[in-house]
Each structure stands twice: as C-alpha cells, then as structure tokens.
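Structure assessment
Each chain, written out:
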Amino acid sequence: MKSDIIQTIDVVLLSIKNDQLYVALVKRDKPPYQHQYALPGGYVHVQEDDNCLETAVRVLKTKTGISSPYLEQLESFSGKYRDPRGWSVTVVYFALVALEVIEQSANASVCLFDVQALKELPFDHANIVKATVSRIRNKAQYSSLPCFLAGPSFTLPALQKIYEICLGSTLNKVSFRRKMDEMGVLEEIEGALSKTGAYRPAKIYQLKSSYLEALKVLNKGL
C-alpha cells in the first residue's frame, strides 16, 4: 500500500551576527511558497539515504553549500495542515557554525535572518526555529555546543560572549572558565596570543582534536 505521507528533513543552521543569533534561510525555487525564504529542507531519498542523519547532511550541503562538523536531531513535526500538499512529517536537525563559514561557503540562495525578528515563514518553520533556539538556550547551560559558533580558534572572553548570546544572559567570568575546564573540550594553542584590543594579549584556544574525532564517530563520519 502506497503511503501518501510527505516525508522530509529540515535543517536549522544557526550562527552569530551583530551579537545576535541568526538563522540561515534559503529562497524556495518551487511551489509551494515559491520565492519565499524557508529552512533548507528536502525529501528523504529512500534508495540513497541510510538514515535521517545522512539525509540531513545531504540536504544541508545541497541547499546551502555548507558541511557542518556537527548535526543534532531536534524533534519531528507532523500533521495534516503544516504542508498545503498534504499530511506531512519532517525530522528536524540543527547545527551551529561560525559566521565566517557561512560567508565563505554558503551559496547565493542563503540569507541570514535575526531569530528575534522573524515574521511568518512557510510551513511551520517559524515554530521550528523557536524550538531550536529554546534547545540551544537550554544546552548552553551545560554543554560545549556553543563552541561551534566560535570558529577554529578563539579567546576565552570571545567564547564567553558567545555563551552569553546563546543564553540571553551574562555570566560570571570565573564560573565560566571553571565550567570550561570541567568540560575538558578545549586546548590552548601553544604560543598563540590575541593581539587585538587595549588589554594584554589573551591566550587562544581551540576544540580538542580528540573531541572532534569523537563527534565524527557519533555522526558516523559524515
């Protein structure tokens, strides 16, 4: 019996611009909602994709030109009214990337929008973005997830600012550094110092290679 359910994957790609969280949207080239900005998404290719993660990686690369080192599943959204074409279900993934990644790798159809200023979006994409931001704010309290917004190297003050943007609140400097030490995902880049600003040069850090390798295993090397 043939299923009439529309099965898709959508990806919420977040970055920081102007000290705010921004989401990457792409202009749709087909109906419904042709020429409107929406989340990058696409159909599951049952003969090609082994699982939803593979679909998410493929969709993100195809629609935006970006390959993220980290994708996490958010949740599924379903119902008969979310898509004018019929009953549909989408599994949503999200990723955090530094602004420079989007500026250097994204294709021309990608545009960044402030998540706090979003108006109506096609399908239920506005609700999906809100749910993702809520997840980010929660995970920023205890995880290393916001580090992916910092780029390949960063100072601790810069990283603390990123965490504060994700949380929507300020952090105590001593407590923040203690938390990062406890997580054990950062390593100092030997001899590297920041030379910007009026203060003394700050040490520069990066994510540990062992941590990044563990993520590749988690994401099945994709």
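So, here is what we can say about the structure in this document. Just so you know, these numbers come straight off a predicted model, no measurement behind them.

Calculation criteria
- Residues numbered from 1 in each chain as written.
- Predicted model: local features only at pLDDT ≥ 70, side-chain atom pairs only at ≥ 80, totals over all residues.
- Heavy atoms only, no water.
- Helix = DSSP H or I, 4+ residues; strand = E, 2+ residues; numbered from the N terminus.
- Rg over C-alpha atoms; globule rule 2.2 N^0.38 Å.
- Buried < 20%, exposed > 50% of the residue type's maximum accessible area, 1.4 Å probe, protein only.
- Expected span 1.5 Å × (residues − 1).
- Contact = heavy atoms within 4.5 Å.
- Polar contact = N/O pair within 3.5 Å; in protein donor to acceptor, adjacent residues only side chain to side chain.
- Phe/Tyr/Trp six-rings, centres within 6.5 Å; stacked < 30°, edge-to-face > 60°.

**Some thoughts on the overall build of the chain**
- When its secondary structure is counted, the chain shows 6 helices and 10 strands.
- Its C-alpha atoms give the chain a radius of gyration of 19 Å, near enough to 17 Å, the size a compact globule of 222 residues would have.
- If you line up the chain on its principal axes, its C-alpha atoms span 65 × 35 × 30 Å.
- Residues classed as buried in the chain amount to 46% of the 222 residues present.

**Points about helix 4 (residues 156–167)**
- With 12 residues, helix 4 ought to run about 16 Å at 1.5 Å a step, and its terminal C-alpha atoms sit 16 Å apart, in line with that.
- Within helix 4, 9 of the 12 residues are buried, which leaves the element mostly enclosed by the surrounding structure.
- Those residues of helix 4 not exposed but buried are Leu 156, Leu 159, Gln 160, Ile 162, Tyr 163, Glu 164, Ile 165, Cys 166 and Leu 167.

**Digging into helix 1 (residues 52–64)**
- Between its first and last C-alpha, helix 1 extends 18 Å over 13 residues, near the 18 Å set by a 1.5 Å rise per residue.
- Within helix 1 the residues assigned to the buried category are Leu 53, Thr 55, Ala 56, Arg 58, Val 59, Leu 60 and Thr 64.
- Buried positions along helix 1 lie against strand 1 (6–17), strand 2 (20–27), strand 4 (41–43), strand 6 (88–96), helix 2 (99–105) and strand 7 (110–114).
- At the N-terminal end of helix 1, a side-chain oxygen is found 3.1 Å from the backbone nitrogen of Leu 53, two or three residues along, and the residue is Asn 51.
- Taken from the residues just after helix 1, Gly 65 is the one with a positive phi, measuring 85°.

**Points about the packing of aromatic side chains**
- Considering all chains together, one arrives at 5 aromatic pairs under this definition.
- A network of ring pairs unites the aromatic residues Tyr 70, Phe 148 and Tyr 211 as a single cluster.

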